[in-house]
Amino acid sequence: MIAVRFAPSPTGYLHVGGARTALFNFLYARNQKGRFLLRIEDTDRERSRPEFEKEILDSLTWLGLAWDGEPIRQSERISFYQKEAERLLSDGKAYEETKEGKRAILFRVPKREIKLYDSLRGEVVFNTEIFEDIVLIKSDGFPTYHWACVLDDHEMEISHVIRGEDHLSNTPKQMLLIEAMGWKPPAYVHLPLILGADGTPLSKRHGAVSVTNYRREGFLSEGLDNYLALLGWGAPENQEFFTLAQLVQKFSLKKLIRSAARFNLEKLRWVNAQHLR
Ligand code: GLU
């Protein structure tokens, strides 16, 4: 059974990049009659805010990207992450570090090569010599992103991890943890970056704002979905107009484009205008 997840950190609004990741996960799940799950990665206590979480869920709902079941909230599962870290401790794969009476748990990184298969890039080889040991549980008792992510992906039976290319260097670390737990890694797809029209990192300057902003400006959700789908997906026969239902029907991971996508506000307006008509 295909199962994918969108795993936002509620540390800011849902932007173009996050919305595109959510959309591709949704399209893949619906096309494959699989599950599309939602996980709130709120273990960064300083930066996570309930109002961002609400904005993200509202934006996903407005975009029509309905998820299956109840969202998982990592901050409610702290003891689970701690308990699982004890397993690696007792196996000798992890160790404790105590500073000022506070205890952290770290994973001892084995020094070797690790091969990651990404469906867009093929085989990518990393040498773990350059990795530092991976913190699993921080001294405040909270798990790190890597640890919570690996445990939850396993428990949620995620078959495909589809996320942005900015996570490519995280994947081998997570694979080491998965291996240490005696599990099989999911399939990985790292979506190409979205750049501004001038090729520099995407920002407000390029007209890229939060989903809420587009919504307030009167964009149609189907117009935005349609435009986002064109960022990194090679639509059949260069077709440019799709309803969400048509996207579900046509979407394929095999048609993803490896090179960075360029965000073009004029094009978004044009696509949106087609939907208004
Ligand atoms: N919380 C991470 C982020 O927002 C998600 C990473 C992942 O999909 O594994 O970037």
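Residues numbered from 1 in each chain as written. Predicted model: local features only at pLDDT ≥ 70, side-chain atom pairs only at ≥ 80, totals over all residues. Heavy atoms only, no water.

Chemist: What should I look at first to understand the pattern of salt bridges in this one?
Modeler: Pairs may arise between side chains of opposite charge once their charged atoms sit close together. Within the structure shown, the criterion is met by 20 salt bridges. Between Arg-121 and Asp-118 there is a salt bridge, and its shortest N-O distance comes to 3.1 Å. Asp-118 shares its class with Arg-121; the two are buried. Across the pair Arg-121 and Glu-165 runs a salt bridge, and its minimum N-O distance is 2.8 Å. Linking Arg-121 in the loop between strand S6 (113–118) and strand S7 (122–127) with Glu-165 in the loop between strand S9 (160–164) and helix H5 (171–180), this pair joins segments that are 44 residues apart in sequence. (Salt bridge = Lys/Arg side-chain N within 4 Å of Asp/Glu carboxyl O. Buried < 20%, exposed > 50% of the residue type's maximum accessible area, 1.4 Å probe, protein only. Helix = DSSP H or I, 4+ residues; strand = E, 2+ residues; numbered from the N terminus.)

Chemist: Help me understand the site of the ligand, please; the structure alone is not making it clear to me.
Modeler: In the neighbourhood of the ligand, the contacting residues comprise Arg-5, Ala-7, Ser-9, Glu-41, Tyr-145, Cys-149, Arg-163 and His-167. Within the backbone of Ala-7, one N or O atom sits 2.8 Å away from a nitrogen atom of the ligand. Residue Ser-9 places a side-chain N or O atom 2.8 Å away from a nitrogen atom belonging to the ligand. Burial of the ligand by the protein chains amounts to 79% of its free accessible area of 300 Å². Class assignment for the residues of the shell around the ligand results in three nonpolar, two polar and three charged. (Near = heavy atom within 4 Å. Polar contact = N/O pair within 3.5 Å; in protein donor to acceptor, adjacent residues only side chain to side chain. Areas by Shrake-Rupley, 256 points an atom, 1.4 Å probe, with all protein chains shown as cover. Nonpolar A, V, L, I, M, F, W, Y, C, P; charged D, E, K, R; others polar.)

Chemist: Looking at this structure, how should I read the sheet that holds strand S4 (residues 94–99)?
Modeler: Pairing is antiparallel in the open sheet, where three strands are placed in the order S4-S5-S8. Among the strands making up the open sheet, the edge pair consists of S4 and strand S8 (134–137). With direction set aside, neighbouring strand axes in the sheet form an average angle of 40°. Two elements, strand S5 (residues 102–107) and S8, share three bridges in a ladder whose sense is antiparallel. Each residue of the ladder has a partner; that of Ile-105, found in S8, is Ile-137. Across the sheet, helix H3 (residues 78–90) touches S4, S5 and S8, and the angle it forms with S5 is around 60°. (Pairing = 2+ DSSP bridges. Axes fitted to C-alpha atoms, helices over the stretch in contact; angles between N-to-C directions. Contact = heavy atoms within 4.5 Å.)

Keep in mind these values describe shape, not function.
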